[in-house]
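# Chain and residue survey
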Amino acid sequence: MKNVGKLIIKCILALIPLWVICVFIAKSPLSYLSPDSVSAYWNKEFTQTKQDKKYDVVILGDSMAATSFMPELLSDSTINLALSGSSPVEGYYTLKDYLENNDAPTDVFVSYMDYHLQHDDFTLSTCNQVHKFSIGDYLEIYRTIKDTGANGFEDINMDEYWNKAIASSLYLPSEYIASIINTINEGGRLESNRQAYDEVTVHAGRACKMTNDISASSGIRYDDYSVSVLQGTYYKKLVGLCEDNQIKLHIIKLPLDVNTMFTDEYTAKVNGYYMNLLKDAKYAEFRWYPADYAVEWFWDDYHMNQHGSYRFSMQLKQDYPDIWGSTATSPRQMLAVNNDIMIENEPAELFKWIDAKDYTVVIYSEMDDFEGYYNAYFNYGSQGLQSVADNIYAVDVTGNHSIYVKNNILTIDDNSYQWNDYNSNEVNIIIIDNSNNKVVRTCSTSFNSGEGRFEKIQ
């Protein structure tokens, strides 16, 4: 018996390093997750936690939805839970988890690109990494895959399914060791992952490539439309989940650029599929936005850049006034818009981001008749220009602030900001977020008289 006891103790001691690694994997995911998995981890944490506030609108979908729906422009009660690379499989469990921990939203918007409906793959590896699925979820997915005959996805053989599911559920190193090794080789990921996590938080779940790069559109022709049995099964489950909770479901086929072509056969199949999917639904609609967006509003053939996402989100506010009518922009939303402003490269577009929000913009310019140039190139909405000093102008978006400039000190109400960074040969701009009392950006542009336009923002 003593020998048996010693053997047990030795086995326990031998397993301690494994347990330590498992605890580390469970307790410190941001230390090793790949950059692409941070948003999925945020999504899992958010949906499996009781939130402090009620969200009236939930966005589901893939990277196209993550890109296109901007909560910072829509409302403070909108959350974007779309996951890049995902399908209705993840969308169903994302909403299911959210409803188990939070009050039901009034509206859910769903959008998937054709590829993620046609194929039987989904982001299982990423979901395993962030511990998204419960054992019950794994069992349900497994049975559905078997029932629908989808015997291959993500290059994972079905014989490996439970090995990976159990390894993820128990935080066993086999599912995480590659990420941990890569983290060590890179010198650590914790700081960068924390920053990425915080960015997703600021943008209310919207995790995507934020850029104003422009696509070289190839003019894709769409001839056929199909939905796999697996994805179709989960699409129906997603519709049913909304129906059971009396949630208004809006399935959106997102706009593409003007070079995109749809055949009559494709159009008929799309409309026929959604007519059949929603035939018994009381609270659902399908809406197809036409391919009439400018090529300049996309960074590839499918994904809008910030200019396109801005336009689509503003279009949604017009199309759904009962959901996103005239809502005030919260300080949290302003922080997200600040990030949008930081990457803006077109002078005329810059003044669209600040419209109807509590910003003050101060401009230094020695151009003759600068007010005329402002009205011709920059003015948007009701952003009137006022002169506050020699060659210094101000745009007070809300009209609620007193603005004073003296000796390079800009004073807005009781808040003062130093502004030394301007060039007499350029149009110099400083943008102040009054809700959060912070300088968002100082930048400049110059006028190209030969081409009759302002240069990109520096």
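In this convention, every chain numbers its residues from 1, walking through the sequence in written order. Only residues with pLDDT of 70 or above have their local features reported here, since the model is predicted, and side-chain atom pairs are shown and tallied only from 80 upward, although totals for entire chains, interfaces and linings are computed over all residues. Hydrogens and water molecules were not included; the side-chain quantities draw on all heavy atoms of the structure.

## A look at the side chain of Arg311
Put simply, the rule reads: By the criteria applied, helices consist of DSSP H or I runs no shorter than four residues and strands consist of E runs no shorter than two, each listed in order from the N terminus. Counting of polar contacts relies on pairs of N or O atoms within 3.5 Å, with two restrictions inside protein: one atom must be capable of donating a hydrogen and the other of accepting it, and residues adjacent in sequence are counted only when both atoms are side-chain atoms. Only heavy atoms matter for contacts: two residues are in contact if any of them lie within 4.5 Å across the pair.
Mapped onto the fold, Arg311 is located in helix 14 (residues 306-319). Only 3.1 Å separates the side chain of Arg311 from the backbone oxygen of His307, close enough to count as a polar contact. When near neighbours in sequence (up to four residues on either side) are disregarded, Arg311 contacts Tyr293, Trp297, Glu349 and Lys352.

## Description of the sheet that holds strand 1 (residues 57-61)
Keep this limit in mind: DSSP calls a pair of strands paired once it identifies at least 2 bridges connecting them. Fitted lines through C-alpha atoms give the axes, limited to the stretch in contact for helices. The angle between two N-to-C directions lies from 0 to 180 degrees.
The five strands are arranged 2-1-3-7-9 in an open sheet whose pairing can be described as parallel. The open sheet is flanked by strand 2 (78-80) and strand 9 (284-288), the only strands paired with a single partner. Each neighbouring strand pair of the sheet contributes to a mean axis angle of 20°, computed without reference to strand direction. Across five bridges, the pairing between strand 1 and strand 3 (residues 107-111) is parallel. Each residue of the ladder has a partner; that of Gly61, found in strand 3, is Ser111.

## So, the environment of Ser87
Within the fold, Ser87 resides in the loop between strand 2 and helix 5 (88-101). Residues Ser87 and Gln231, 144 residues apart in the sequence, show an inter-C-alpha distance of 7.1 Å. The contacts of Ser87, once residues within four sequence positions are left out, are Tyr112, His116, Asp121, Phe122 and Gln231.

## Points about the pairing of strand 10 (residues 359-364)
Formally: In this scheme, a residue with accessible area under 20% of its type's maximum is buried, one over 50% is exposed, and one in between is partly exposed, where area comes from a 1.4 Å probe on protein chains only.
Summarising burial for strand 10: six of the six residues are buried, a large majority. Every second residue of strand 10 is oriented toward a common face, with Tyr359, Val361 and Ile363 on one face and Thr360, Val362 and Tyr364 on the other, all of them buried. Bridge analysis of strand 10 against strand 12 (residues 392-396) gives five bridges, and the strand direction is antiparallel. What sits directly across from Val361, in strand 12, is Val395.

Interpretation note: all reported values are geometric properties and have no functional meaning in isolation.
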